[in-house]
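An overview of the molecular structure
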Amino acid sequence: MGKTMHEGPQKLPAAPDPKLWVSPVPFGLGKVKPKHIRDTIKVAWENRDNLPYAARILTQGVCDGCALGVSGLKDRTLAGPHLCTTRLNVLRLNTMPAIPPETLHADIDELRKRSSAELRALGRIPYPLRRRKGERTFSRVTWDEALGTIASKMRRTDPKQTAFFLTARGITNEVYYTAAKVARYLGVNHIDNASRICHSPSKTALKRSLGIGASSCSYADWIGSDVVVFWGSVAANNQPVSTKYLYAAKRKGTKVIMINPYREPSMENYWIPSIPESALFGTKIVDDVYQVNIGGDIAFMNGVMKTWFEMEDAAPGSAIDLAFVEAHATGLEALRAHVESLDWAALEASSGLTRARMGEFAELLARSRSGVFVWSMGLTQHRFGTDNISQVANLALLRGFLGRKHCGVMPIRGHSGVQGSGEMGADPFSLPGGEWDEATVARIEKLWGFELPKWQGDIVGVSLENASLPDEDPRKLRVFYTSGGNFLETMPDPDFVRGCLENVDLRVHQDIILNTSTLLDAREDVIVLPAMTRYEQPGGGTSTSTERMVYFSPEIPGPRIEEARAEWQIYVDLAKRVKPERAALVDFASAEAIRAEIALANPAYDGIQHLKARGDVFQWGGAWLCEDGVCPTPDGRGRLLPIALPETRKAEGTFYVTTRRGKQFNSMIYGEKDPFNAADRRDVLIHPADAAAHGVAEGDAVVLHNAYGVFQGRAKLADTRRGNLSVYWPEGNALLPKGVYEPHAGIPEYNTSVVLEKADTYVAGKDVRFAERAIEDLETEVS
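Residues numbered from 1 in each chain as written. Predicted model: local features only at pLDDT ≥ 70, side-chain atom pairs only at ≥ 80, totals over all residues. Heavy atoms only, no water.

1. Brief notes about the overall build of the protein chain
- In terms of regular secondary structure, the protein chain is built from 29 helices and 29 strands.
- In terms of its C-alpha atoms, the protein chain occupies a principal-axis envelope of roughly 75 × 70 × 55 Å.
- Within the span of the protein chain, comprising 783 residues, buried residues form 63% of the whole.
- In the structure as shown, the protein chain presents an accessible area of about 27300 Å², 54% of it carried by carbon and sulfur atoms.
- Within the protein chain, one finds 93 positive and 96 negative side-chain charges whose respective centroids are separated by 4 Å. (Helix = DSSP H or I, 4+ residues; strand = E, 2+ residues; numbered from the N terminus. Buried < 20%, exposed > 50% of the residue type's maximum accessible area, 1.4 Å probe, protein only. Areas by Shrake-Rupley, 256 points an atom, 1.4 Å probe, with all protein chains shown as cover. Lys, Arg positive; Asp, Glu negative; His and termini not counted. Charge placed at Lys NZ, Arg CZ, Asp CG, Glu CD.)

2. A look at the pairing of strand E25 (residues 683–686)
- Alternating residues of E25 divide into Asp 683 and Leu 685 and Val 684 and Ile 686, and every residue in both groups is buried.
- When E25 meets strand E27 (residues 710–717), the two strands line up parallel, connected through 4 bridges. Paired with Asp 683 across the bridge in E27 is Arg 714. (Pairing = 2+ DSSP bridges.)

3. Here's the deal with the environment of Asp 493
- Tracing the backbone shows Asp 493 in the loop between strand E15 (479–483) and helix H24 (494–502).
- Among residues more than four places away in sequence, those in contact with Asp 493 are Asn 733, Leu 736 and Lys 738. (Contact = heavy atoms within 4.5 Å.)

4. Some details on a nonpolar patch on the surface
- A surface patch of nonpolar side chains, about 510 Å² in accessible area, is lined by Val 25, Phe 27, Leu 29, Ile 37 and Ile 41.
- Here Phe 27 is to be found in the segment before helix H1 (36–46).
- Here Phe 27 falls in the partly exposed class, since its relative accessible area comes to 41%. (Patch = residues over 30% accessible without salt bridge, like charges linked within 9 Å, V, L, I, M, F, W, Y side chains within 5 Å. Salt bridge = Lys/Arg side-chain N within 4 Å of Asp/Glu carboxyl O.)

5. Quick notes on the nonpolar core
- Residues Trp 231, Trp 308 and Phe 361 are the most contacted members of the largest nonpolar core, which totals 140 residues.
- Beyond its immediate chain neighbours, meaning those up to four positions away, Phe 361 contacts Val 229, Trp 231, Ile 257, Ile 259, Tyr 290, Phe 300 and Val 304.
- The next biggest cluster of nonpolar side chains, apart from the first, holds 34 residues, and it includes Ala 236, Tyr 245, Ile 272 and Trp 624. (Core = buried A, V, L, I, M, F, W, Y, C linked by side-chain atoms within 4.5 Å.)

6. Considering the environment of Lys 454
- With respect to the element layout, Lys 454 can be found in the loop between helix H22 (438–448) and helix H23 (460–465).
- Judged by its relative accessible area of 47%, Lys 454 is partly exposed.
- Separated by 379 residues in the primary sequence, Lys 454 and Asp 75 have C-alpha atoms spaced 41 Å apart.
- Residues within four places of Lys 454 in sequence aside, it is in contact with Asn 189, Val 441 and Glu 445.
- Within the local environment of Lys 454, its side chain forms a polar contact with the side chain of Glu 445, the two groups lying 2.6 Å apart. (Polar contact = N/O pair within 3.5 Å; in protein donor to acceptor, adjacent residues only side chain to side chain.)

7. Focus on H24
- Along H24, the residues that are buried comprise Val 497, Cys 500 and Leu 501. Along H24, the residues classed as buried sweep out an arc of 95° about the axis, all on the same side.
- The inward-facing, buried residues of H24 abut H23, E15 and strand E16 (506–511). (Arc of directions from axis to C-beta.)

8. Quick notes on the sheet that holds strand E9 (residues 288–290)
- What the 5 strands build is an open sheet, ordered E9-E6-E5-E11-E12; its pairing is parallel. Only two strands of the sheet have a single partner each, and these edge strands are E9 and strand E12 (408–411). If you compare each strand with its neighbour and ignore which way they point, the axes differ by 20° on average.
- Packed onto the sheet, helix H9 (residues 200–210) meets strand E11 (371–375) and E12 and runs at close to 155° relative to E12.
- Contacts between helix H14 (residues 297–314) and the sheet are confined to strand E5 (227–231), strand E6 (255–259) and E9, with E5 contributing the most and set at about 150° to the helix. (Axes fitted to C-alpha atoms, helices over the stretch in contact; angles between N-to-C directions.)

9. Re the packing of H14 against helix H16 (residues 332–341)
- At a minimum axis separation of 9 Å, H14 and H16 run at an interaxial angle of 105°. As summarised for this structure, H14 and H16 are arranged roughly perpendicular, according to the angle between their axes. Contacts from Asn 302, Met 305, Lys 306, Phe 309 and Asp 313 of H14 reach H16 at Leu 332, Leu 335, Arg 336, His 338, Val 339 and Glu 340.
- Considering only residue class, the contact of H14 with H16 consists of 5 nonpolar, 2 polar and 4 charged. (Parallel < 35°, antiparallel > 145°, perpendicular 65-115°, else oblique. Nonpolar A, V, L, I, M, F, W, Y, C, P; charged D, E, K, R; others polar.)

10. Some words on the environment of Tyr 481
- Topologically, Tyr 481 is positioned in strand E15.
- Those residues in contact with Tyr 481 that lie beyond four places of it in its chain are Ile 150, Met 154, Ala 163, Phe 164, Phe 165, Val 508, Gln 510, Leu 529, Ile 570, Tyr 571 and Leu 574.

11. Details of the packing of aromatic side chains
- For the structure shown, the criterion picks out 23 aromatic pairs.
- Their ring planes at 40° and their centres at 5.3 Å tell us that Phe 164 and Tyr 481 sit as a pair that is tilted. Residue Phe 164 is found in strand E3 (residues 162–166), and its partner Tyr 481 is found in strand E15; the two are separated by 317 residues along the sequence. In terms of burial, Phe 164 and Tyr 481 fall into one category: buried. (Phe/Tyr/Trp six-rings, centres within 6.5 Å; stacked < 30°, edge-to-face > 60°.)

12. A word on the pattern of salt bridges
- Within the structure shown, the criterion is met by 60 salt bridges.
- The partner of Glu 135 in a salt bridge is Arg 132, and the shortest N-O contact between them spans 3.3 Å.
- Using a relative accessible area of 34% as the deciding quantity, one classes Arg 132 as partly exposed.
- Two residues, Asp 493 and Lys 738, come together in a salt bridge whose shortest N-O distance is 3.9 Å. Note that Asp 493 is positioned in the loop between E15 and H24 and Lys 738 in the loop between strand E28 (724–728) and strand E29 (751–758), a separation of 245 residues in sequence.
- The buried category is assigned to Asp 493, whose relative accessible area is 15%.
- Residue class for Lys 738 comes out partly exposed when judged on its relative accessible area of 41%.
- Salt bridges here are not isolated pairs; linked through shared partners, they connect Lys 153, Asp 471, Lys 476, Arg 478, Asp 505, Arg 523 and Glu 524.

13. Considerations on the pairing of E5
- The buried fraction of E5 amounts to 5 of the 5 residues, a majority that puts the element mostly inside the structure.
- In E5, alternate side chains face the same way, and those of Val 227, Val 229 and Trp 231 on one face and Val 228 and Phe 230 on the other are all buried.
- Inspection of the sheet shows E5 paired to E11 by 5 bridges, in the parallel sense. Residue pairing across strands places Val 227 opposite Gly 371, the latter belonging to E11.

14. Quick look at the confidence of the model for the protein chain
- Residue-level pLDDT values for the protein chain average 92, and 97% of them are 70 or greater.
- Every residue in residues 767–783 scores below 50 in pLDDT, and together they form 30 contacts with partners more than four places removed in sequence or on other chains. (pLDDT = per-residue confidence, 0-100.)

15. What to know about the sheet that holds strand E4 (residues 191–193)
- Across the sheet, 7 strands lie side by side as E2-E1-E17-E16-E15-E3-E4; this open sheet has mixed pairing. On the outer flanks of this sheet lie strand E2 (139–140) and E4, each paired with one strand and no other.
- With 5 bridges joining them, E15 and E16 adopt parallel strand pairing. Residue pairing in the sheet places Phe 480 in a bridge with Arg 507 of E16.
- Running over the sheet, helix H25 (residues 567–578) touches E3, E15, E16 and strand E17 (525–530) and is turned about 155° from E15.

16. Side note on the packing of helix H8 (residues 173–185) against helix H26 (residues 591–601)
- Axis separation between H8 and H26 bottoms out at 10 Å; the angle between their running directions is 70°. It follows from the interaxial angle that H8 and H26 lie roughly perpendicular. On the side of H8, the interface is formed by Asn 173, Glu 174, Tyr 177, Thr 178 and Lys 181, while H26 contributes Ala 591, Ile 594, Arg 595, Glu 597, Ile 598 and Ala 601.
- Its residues placed into classes, the contact of H8 with H26 shows 5 nonpolar, 2 polar and 4 charged.

17. Description of unusual backbone geometry
- Omega for the peptide link from Trp 729 to Pro 730 comes to 15°, which places this bond in the cis form.
- Of note in the backbone geometry, Phe 27 takes a positive phi value of approximately 60° without being a glycine.
- Although it is not a glycine, His 406 sits at a positive phi angle of roughly 70°.
- A relative accessible area of 19% places His 406 in the buried class.

If you want it as structure tokens, here you go:
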């Protein structure tokens, strides 16, 4: 734990800086960009039936959007108000009325005609629902009947055949903690959360390299750092308020570097609505872009280190902070031997960049006295995601960018609830305040008063796959209890996932809205439980931001969905019904009581028990983890790890393909047009030279296919690395292989290789060369 405390909000410069302007044309007229004013007016109109309540949520609550941690309209990084379209887009989830009964109880096939966006617009789930096998409509049931049915099934089911999952939908630390405790009370270790498919490699890699499981620094460290590097992260899209921090950093002379296959327009130029100068004329953000191949980051970073060791041979201390490494790291010689053994040609082929370009980046970092490395799913969502992040840690250790001002490693979170989930123990490998090890198990058993199940729980992807096991298999998934989430739209191979979800006996959806997965059949029962939002939770709730700030969000007066209940209360009630004989062990009386126990269960969270009013916040761990270079490892040192090049070769004539986000928040899509590049949801981003080589023009219908699936779309010419394609997520998930997980962290593989063809070529040969598939839309287009 660090001893230095966060310094609090900084002020922005008062005078403008025309050097950073994108264009003298006001408001970016004529340019492809988000229309912030228009979108704000649209949100106000959508919430017109509840505007006073909406205003109270925005001005009093902690943002339930991204994990920057805006409380009310302010945060701990910059003075002044902050508001972004991501937060505004999710606002309606909190203010909309209940789904009308005539819609909610319509024939299930009528509901299934709607997309998740259309289902979301119907309104809130008003009361518990049940749909037995063969029934055509949902029936209204009482809470007693719903929880009684679930409890009865759980009592008859082996705990190894039950799994819990919690999404990041505004879920508070109190809910994660209660769910983690209840699952273990019921003998279940199959519990997982949304970070499994986002940032699980970040925690795993940082633990093994640095002994930490979260960002080592704060957003304030961007402002004044010599260099801030964004690796596979489009913060302007996923965490829009962060552009304000980048504006402040640019005004202090910070260089901003983007490493990404696609030259993301929103990271190059952005119109920041809460800064008048930027709202008028835009802000140039990135100073340079390194367009690596999909999966080429390990090679790129090895090339950077190889350059550094060459620089060290010529002039010791010119590239590596030798004093820092000697005092605070182990493994230098093994790392050096590994990196020097790598061939430059292999590094260039894998990374997609020349030796000269890798050298430029190496020299930039070598000249920098401070630096912050920020990354997101472009690094994590690979079968070698943990190795990607350990490479970032290698760079930070070699340069000494750790444990001091303007330095650090930051896995930037996409949702306000995710950082706290693992820290509360809601995953199969951790408990509150520690990993699943003998000492932590003993400590938690003493606190909780019951014995924990000792068998290893499964990650959520494996739990779902276990639904397809034969009935006699002891790990056959029979009960799946999910708080939010839609695996049809977040996991590879949606058709396979659909079969798994339908092959459980009982599926429970604890949520505030319907989505497409809620409407699937189950072998016995589907039960839907109406949940409260964080703003309705009695006693308030807390969430942990990317920078480890724990914010208190109060209960906000306003209209209520009559039968919705706080999610932690639902878990407690269920546990008492399944195992009533020891119910007192999990019977929390209030949210305050949960926070008091969290402070005991996770020593880093000592302080959460004092959060009780709007604006209350503390940062666990202090301003910097690994302060002064001292890591929380057994020897106090970071570990430099040799990382081998992953196998990324692809067959001749194929492309790498990855998924990206557009006008959406996680899997919730808010528009068919990407405001940053004018792409449609089924557009395929392709380099002009690659398109020309395949006889493809802008807007042509194309088909991507591989052994796993087919994607029908249209070509959109874009500034991406040659040989690399991007499709939108979740539309492109049909191309991704199922059952491929990163070995250390269990994240699914979200990248693959594909063949691209013009639609007419594919259709002409499909009967003789490819598996028969339905492609009616394209047949219509080319006939």
